[in-house]
Amino acid sequence: MELAPELLEELSGPHERSRELPALEGAENGVVMRFAPNPSGPLHLGHARASILNDYYVRRYGGRYVLRIEDTDPRRVDPEAYRMVLEDIEWLGLNITDIVYQSDRLDVYYDWCRRLIELGGAYVCVCDAERFRELKLKGKACPCRERTADENLDLWQQMLDGEFYEGDATVRVKTDLAHPDPAMRDFSAMRIVNAPPHPRVDAMVFPLMNFSVAVDDHLLGITHVIRGKDHIANTGRQRYIFDYFGWRPPVYRHYGRMGISGVVLSTSGMREGIRSGLYTGWDDIHLGTLRAIARRGIEPAAVRNAMVDIGIGETDITFSWENLYARNKELVDPKANRYFFVPDPVEVTVEGAPVHEARAALHPNDPSRGVRVLVAAGTVLLPKADIEGKSMVRLKDLYNIRIAWDGDVPQVTYAGESLGDARREKAPIIQWLPADARLPCTLHTQDGDIEGFCEPLVAGERDNVVQFERVGFARVDAVDGGRVSAYFAHR
RNA sequence: GCUGCUAUAGUGUAGAGGCCAAUCAUGUCGGCCUUUCACGCCGACGACAGGGGUUCGAAUCCCCUUAGCAGCACCA
């Protein structure tokens, strides 16, 4: 039998099952796109949307995908972040073809800045920033605007020669002081930063984002830019630079704001929390970093599918953890082995029970994977919350027990093996563990840690996502001296 | 305040004047299956922000209102 190609594709992985996004104008012959993070910390869900959406279109149309590290603000560069950003990109599986560090390109920016000044498109402003702001809001020119190109060239050289201190001079792009949006008026292109020193380059004059971005987008041949709408004003500013040089700007798409609840997202907030001990590190599960959700057992393809589902709409949205979990579950459910985890355990001896060997499938939909063998010799561990108030329960894959309550002390007796009996009495079927074959296990959740025990075989699942039956999916993070540490993903 | 963008079910999304008493996913609720409250299957619930226009006809076009968001840095 022949399989249809689209079926084959589906069998090849859950990767491309997501919906189709709108076409990009002018992309038919391939695209050059970019992901341009600032190396101030590891990547988070906000970065994931930007990078995956761009990645999506590069894969769809073919072309190059440039990773551009935007490290032109020494104050906002964390040397560690260079490594973390690369790690996170690899985790996401982005199809990066080129890597560019802006700190390697300062001479390029200096050169184009000089040309812009020669063209009369920029001037060196030595006004106090506050003073300039007042003038700008009134739509008035500052005195520096009248200087000739030659005078500006001199001042620019002085900036490069270190004859100005930080804050005393800046290069401004001449735009339109009457522009209805004050945000467009004569924005800065170059500035001086005396301290801290840049970790990668010995320099004091740095381009501001709008200048370096415009220059690089042109020089790198970027054809399409997909970014958040917080950049709309920047697009307008960058347009001036393109116009001065007669360059053709890329096609821009600005998607709406994405609110993410329940986690900390701001880099400064995360850093402070880590410093103060509130968080264990960049992968603390209360953070929205990719390494944090990876630790929780969320797969990169789930993030990708969730982001493509969200798309590039201009509407502001709230990110749905629920939807992400659903995406993850469809990936993880077929793979995850099943095990028993007994939270908040009660140890009981089952009166009259024969020694019995339970054979529980590692995966109910895939018998070929085999079974876990659990031997119940009479004393077992049961999840307290599941037996409270019950008179009969069935221990899954084992036998039925009857519970008589002496106050809050359960008296447990053997009630036969019949599954039919359990069904007739509507006895819940619950997980359990032999008292003598168990591993202490901590299940870390965002709401706190749950202590309990799990099957010994879980020790062999380090770094895998497993399903603790009736509890949910969890990633086995560490196995240390017979103790299991797992992170809850979702039900 | 100024400038601009957006507004479809709980959440995300499709829809570019008639094919929409509005798509898909997720969710919730029922049912089936099942030695997990997983997976799978079946069914149900649930939305065009409000008001005016234009048109034979509007979720789709225009205006107003309301709401949300973004920018107004010598950050990215």
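Rules used throughout
- Residues numbered from 1 in each chain as written.
- Chains lettered and ligands numbered in written order.
- Predicted model: local features only at pLDDT ≥ 70, side-chain atom pairs only at ≥ 80, totals over all residues.
- Heavy atoms only, no water.
- Helix = DSSP H or I, 4+ residues; strand = E, 2+ residues; numbered from the N terminus.
- Rg over C-alpha atoms; globule rule 2.2 N^0.38 Å.
- Buried < 20%, exposed > 50% of the residue type's maximum accessible area, 1.4 Å probe, protein only.
- Contact = heavy atoms within 4.5 Å.
- Core = buried A, V, L, I, M, F, W, Y, C linked by side-chain atoms within 4.5 Å.
- Near = heavy atom within 4 Å.
- Polar contact = N/O pair within 3.5 Å; in protein donor to acceptor, adjacent residues only side chain to side chain.
- Pairing = 2+ DSSP bridges.
- Axes fitted to C-alpha atoms, helices over the stretch in contact; angles between N-to-C directions.
- Expected span 1.5 Å × (residues − 1).
- Patch = residues over 30% accessible without salt bridge, like charges linked within 9 Å, V, L, I, M, F, W, Y side chains within 5 Å.
- Areas by Shrake-Rupley, 256 points an atom, 1.4 Å probe, with all protein chains shown as cover.
- Salt bridge = Lys/Arg side-chain N within 4 Å of Asp/Glu carboxyl O.
- pLDDT = per-residue confidence, 0-100.

Let's talk about the overall build of chain A
- Across its full length, chain A carries 14 helices and 27 strands.
- Computed over its C-alpha atoms, the radius of gyration of chain A comes to 30 Å, more than 25% above the 23 Å expected for a compact globule of 491 residues.
- Taken along the three principal axes of its C-alpha coordinates, chain A extends 100 × 60 × 35 Å.
- Counting the 491 residues in chain A, one finds 51% classified as buried.
- Taking all contacts inside chain A whose residues are at least 6 apart in sequence as the whole, residues at least 24 apart take part in 68%.

Points about the nonpolar core
- Judged by nonpolar contacts, the single largest core of 45 residues is most densely connected at L45, V303 and W321.
- Mapped onto this core, the elements with two or more residues apiece are β1 (31–35), α2 (45–61), β2 (63–69), α3 (79–92), α10 (290–295), α11 (300–310) and α12 (321–332).
- Not counting chain neighbours up to four residues away, the residues in contact with W321 comprise L45, I260, S261, V263, I293 and R296.
- In terms of nonpolar packing, the next biggest core, distinct from the first, is built from 39 residues, C113, V173, I241 and W247 among them.

Thoughts on the protein's contact with RNA strand B
- The environment of RNA strand B is made up of 58 residues, and the closest members are R76, R191, L208, D397 and R470.
- The sugar-phosphate portion of RNA strand B accounts for 71% of its atoms within 4 Å of the protein, the bases making up the rest.
- R76 places a polar side-chain atom, nitrogen or oxygen, 2.4 Å from a base oxygen of RNA strand B.
- Between RNA strand B and S188 there is a distance of 3.2 Å, counted from a sugar or linking oxygen to a side-chain nitrogen or oxygen.
- Secondary-structure elements contributing two or more residues to the surface near RNA strand B are α5 (129–138), β5 (170–173), β6 (188–192), α8 (232–245), α11, β11 (317–318), α12 and α14 (419–424).

As for the sheet that holds strand β20 (residues 409–414)
- Reading across the sheet, the four strands line up as β20-β19-β18-β21 and stay open at both edges, with mixed pairing between neighbours. Each edge of the sheet is formed by a strand with only one pairing partner; in this case those strands are β20 and β21 (429–430).
- Relative to β20, strand β19 (residues 400–406) runs antiparallel, the two sharing six bridges. Its bridge partner being in β20, I403 is matched across the sheet by V412.

Observations regarding the sheet that holds β2
- One open sheet accounts for three strands, arranged β1-β2-β3; its pairing is parallel. With one partner strand each, in any of the chains shown, β1 and β3 (98–101) form the two edges of the open sheet. Recorded for the sheet is a direction-independent mean angle of 25 degrees between the axes of neighbouring strands.
- Relative to β2, β1 runs parallel, the two being bridged by five bridges. Following the sheet pairing, V32 is matched in β2 by R64.
- Its contacts with the sheet put α2 on β1 and β2, and the angle it makes with β1 is roughly 165 degrees.

Remarks on α8
- Given a rise of 1.5 Å per residue, 14 residues ought to cover 20 Å, and the 21 Å separating the end C-alpha atoms of α8 matches this to within 8%.
- Regarding α8, the residues found buried are N234, T235, R237, Q238, Y240, I241, F242 and F245.
- Lining the buried residues of α8 we find α4 (106–118), β5, α7 (209–219), β8 (224–228) and β9 (251–255).
- Among the residues trailing α8, G246 stands out with phi positive, at a value near 70 degrees.

Remarks on a nonpolar patch on the surface
- A contiguous nonpolar patch, built from V355, V371, V373 and V375 and spanning about 300 Å² of accessible area, is present on the exposed surface.
- One can find V373 in strand β16 (residues 371–376).
- A relative accessible area of 40% places V373 in the partly exposed class.

Comments concerning the side chain of Q431
- With respect to the secondary-structure elements, Q431 resides in the loop between β21 and β22 (433–434).
- A relative accessible area of 2% means that Q431 is categorised as buried.
- Among the polar contacts listed, one links the side chain of Q431 to the backbone oxygen of F341, at a separation of 3.0 Å.
- Here R470 takes part through its side chain, which lies 3.1 Å from a polar atom of the side chain of Q431.

Looking at the confidence of the model for chain A
- With 96% of its residues at a pLDDT of 70 or more, chain A has an overall mean of 93.
- The low-confidence segment residues 1–16 (pLDDT under 50) makes eight contacts with residues lying over four places distant or belonging to another chain.
- Complex prediction metrics read pTM 0.93 and ipTM 0.94.

Let's talk about the pattern of salt bridges
- Under the definition given, this model contains 41 salt bridges.
- A salt bridge links D186 to R145; its shortest N-O distance comes to 2.7 Å. Pair noted here: D186 is in the loop between β5 and β6 and R145 is in the loop between α5 and α6 (149–160), with a separation of 41 residues, a long-range link.
- For E347, the salt bridge goes to R438, with nearest N and O atoms at 3.3 Å. Within this pair, whereas E347 is found in strand β14 (residues 345–349), its partner R438 is found in the loop between β22 and β23 (439–445), the two being separated by 91 residues in sequence.
- Residues participating in the shared-partner salt-bridge network are E80, R83, E87, D88 and R291.

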